[in-house]
Amino acid sequence: MKLKKYILLLFVITLSSFSVHKYYLSLTQIKYNEEGKSVQVIINVFMDDIETALNKDNNIDLQLTTKKELKNNDIYFENYLKDKLHFKINNNAKNFNYIGKEYEGDLVFFYLEIEDVNAVSSIEISNKILMKHFPNNKT
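The rules behind the values
- Residues numbered from 1 in each chain as written.
- Predicted model: local features only at pLDDT ≥ 70, side-chain atom pairs only at ≥ 80, totals over all residues.
- Heavy atoms only, no water.
- Helix = DSSP H or I, 4+ residues; strand = E, 2+ residues; numbered from the N terminus.
- Buried < 20%, exposed > 50% of the residue type's maximum accessible area, 1.4 Å probe, protein only.
- Contact = heavy atoms within 4.5 Å.
- Areas by Shrake-Rupley, 256 points an atom, 1.4 Å probe, with all protein chains shown as cover.
- Salt bridge = Lys/Arg side-chain N within 4 Å of Asp/Glu carboxyl O.
- Core = buried A, V, L, I, M, F, W, Y, C linked by side-chain atoms within 4.5 Å.
- Patch = residues over 30% accessible without salt bridge, like charges linked within 9 Å, V, L, I, M, F, W, Y side chains within 5 Å.
- Phe/Tyr/Trp six-rings, centres within 6.5 Å; stacked < 30°, edge-to-face > 60°.
- Lys NZ or Arg CZ within 6 Å of the ring centre and 35° of its normal.

Novice: Whenever I open this one, the overall build of the chain confuses me. Can you help?
Specialist: Of the regular secondary structure elements, the chain holds three helices and seven strands. In the chain, the succession of α and β elements from N to C terminus is α-β-β-α-α-β-β-β-β-β. Burial analysis of the chain (139 residues in total) assigns 29% to the buried set. The long-range fraction of contacts in the chain, counting pairs at least 24 apart against all pairs at least 6 apart in sequence, stands at 59%. Within the structure as shown, the chain displays about 9,800 Å² of accessible surface, and the carbon and sulfur contribution to it stands at 53%.

In structure tokens, the structure reads:
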């Protein structure tokens, strides 16, 4: 019995000696809407990560999903995304419209649209979301 407890304790100590690495992730989904001649973009980011980045960049305290959440936070989100996210469609730089955001669990979903796209033969994306404040994350 003592041997089992000793082995279990040794196992727990061994596991706790390794540091856990947190990954910082944003997922970008892109869909061409042929009828609307637009490219629709959905980006989801972990709420605490984007909040950390915006708070540091703007010296603010967003407090997302609380009663103290800043009322004008869409301005910060839109400016951040326009700074960190760039698109080229058919080798031409394209600006996007920030449609809005939605919270779901611990994620923030951002909705963007690129208008006046007659057809898509190629898309190039530069996505630097979360890179500045989490430099140890690998791309």
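Novice: For this particular structure, what's the right way to read the pattern of salt bridges?
Specialist: Pairs can form between side chains of opposite charge once their charged atoms are near each other. Enumeration over the complete set of coordinates arrives at three salt bridges. A salt bridge links Lys82 to Glu78; the shortest N-O distance between them is 3.5 Å. Pair noted here: Lys82 and Glu78 are both in helix H3 (residues 73–84), with a separation of four residues, about one helical turn. Residue Glu78 is classed as partly exposed on the basis of its relative accessible area, which comes to 28%.

Novice: Sorry, what's going on with the nonpolar core here?
Specialist: Nonpolar side chains tend to gather and get buried jointly when the protein is soluble and globular. Ranked by internal contacts, the top residues of the largest apolar core, which has 26 residues, are Ile43, Ile50, Phe77, Phe110, Leu112 and Ile129. Secondary structure elements with two or more residues in this core: strand S2 (38–46), helix H2 (47–58), H3, strand S3 (85–89) and strand S6 (107–114). Setting aside residues up to four positions removed in sequence, Leu112 forms contacts with Val39, Gln40, Val41, Ile43, Leu81, Leu85, Phe96, Asn97, Tyr98 and Ile99.

Novice: Would you explain a nonpolar patch on the surface in this entry?
Specialist: A cluster of nonpolar residues, Ile30, Val120, Ile123 and Ile125, forms a patch on the protein surface that exposes about 270 Å² of accessible area. Relative to the helices and strands, Ile30 is located in strand S1 (residues 26–33). Note on Ile30: relative accessible area 32%, which makes it partly exposed.

Novice: Sorry if this is basic, but what is going on with the packing of aromatic side chains here?
Specialist: Given two aromatic rings, one states the distance between the centres and the angle between the planes to describe the pair. Taken as a whole and assessed by the stated rule, the structure comprises three aromatic pairs. On the numbers, 6.0 Å between centres and 85 degrees between planes, the contact of Phe87 with Phe96 is edge-to-face. Accessibility assignment for this pair places Phe87 and Phe96 in one class, buried. Taken together through their ring pairs, the aromatic side chains of Phe77, Tyr98 and Phe110 make up a single cluster. For Lys82, the ring lying beneath its charged end belongs to Phe96, and the centroid distance is 5.5 Å.

Scope: geometric values only; no functional claims are made or implied.
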